[in-house]
Amino acid sequence: MPINTEEYQRIKSELDPHKVTLVAVSKTKPVEDIRRLYDMGHRDFGENYVQEMVDKAAQLPEDIRWHFIGHLQSNKVKYIAPFVSLIHGVDSLKLLTEINKQAAKRERVIDCLLQVHIAEEETKFGLDEDELKFLVSQFPSLSLENIQVKGLMGMASFTDNLDKVRQEFRHLKQIMDRFKNAEMPGFSIDMLSMGMSSDYKIAVEEGSTMVRIGSLVFGARQYDE
Ligand SMILES: *Cc1c(COP(=O)(O)O)cnc(C)c1O
């Protein structure tokens, strides 16, 4: 399916009054599609795979803000550290420490979001509330000077039950509000990355500040995870 620039404009005009950032998720899509949106003024693009993001970034303008939204393995941080703008899915101190190390090598500060597990489905990814609490309690002792934790990211259950989706987003917003006061060097959270093609409207109603939209804008993906 081709890129749908009319749908892009429509979503933008829907989000802009709420000051919600649109991350256009371009995974599996060609650089020509990204260039189309870039030429319309769009700068925030999201990718799930390290190699794909590195390859695309090399072919596209440097002022693109690249969002890494997939599961990031510690041994691959070094490849995206030179240019990534925001890493959405951080879910361990080990990964934070590695991001900090690679950012320091590049003499930059990398912004991160902590991924919280809010969906019903079993998955290895994302922190539960207790793990988040523990991570936040340990954070100051690590003196991670080359990262900034800016907020939380979450994914709702894959379901047609929109009430359930709403409850999960509401829950994530509540968790963020609880940790908002935990201000310390390198840690100040007010960004909330939640909402995808199927549920972004609900996410915005529940306080999302950043939605990650792929298929609505770029068309359905042929090979999905
Ligand atoms: C693929 C992906 C998206 C975008 O999904 P769509 O349903 O195509 O909008 C958003 N967030 C994450 C983490 C993804 O992997």
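The coordinates are above.
This section reports on the structure supplied with the text.

With respect to the packing of aromatic side chains
Enumeration over the complete set of coordinates arrives at 2 aromatic pairs. Ring centres of F45 and W66 lie 6.3 Å apart, and the angle between their planes is 45 degrees; on these two criteria the pair is classed as tilted. With F45 in strand β2 (residues 44–47) and W66 in strand β3 (residues 65–68), this residue pair connects regions lying 21 residues apart in the sequence. Note on accessibility: F45 and W66 belong to one class, buried. The residue whose ring lies beneath R43 is Y38, and the NZ or CZ to ring-centre distance is 3.6 Å.

Structural notes on the pairing of strand β4 (residues 86–90)
For β4, the buried fraction is high: 5 of the 5 residues fall into the buried class. As defined by bridge partners, β3 adjoins β4 across 2 bridges and the pair is classed as parallel. For H67, the partnering residue across the bridge sits in β4 and is L86. Pairing between β4 and strand β5 (residues 110–116): 3 bridges, direction parallel. Of the residues in β5, the one forming a bridge with L86 is D111. Each parallel crossover has a hand, and the one from β4 via helix α5 (residues 93–105) to β5 is right-handed.

Overview of the nonpolar core
Nonpolar side chains in soluble globular proteins tend to be buried together. Core analysis: the largest hydrophobic core is formed by 65 residues, its most contacted members being L96, I99, L114, L132 and L152. With 6 residues, the next largest nonpolar core counts V23, L113, M153 and M210 among its residues.

Cut-offs and rules
- Residues numbered from 1 in each chain as written.
- Predicted model: local features only at pLDDT ≥ 70, side-chain atom pairs only at ≥ 80, totals over all residues.
- Heavy atoms only, no water.
- Phe/Tyr/Trp six-rings, centres within 6.5 Å; stacked < 30°, edge-to-face > 60°.
- Helix = DSSP H or I, 4+ residues; strand = E, 2+ residues; numbered from the N terminus.
- Buried < 20%, exposed > 50% of the residue type's maximum accessible area, 1.4 Å probe, protein only.
- Lys NZ or Arg CZ within 6 Å of the ring centre and 35° of its normal.
- Pairing = 2+ DSSP bridges.
- Right-handed = clockwise from strand over helix to strand, strands pointing away.
- Core = buried A, V, L, I, M, F, W, Y, C linked by side-chain atoms within 4.5 Å.

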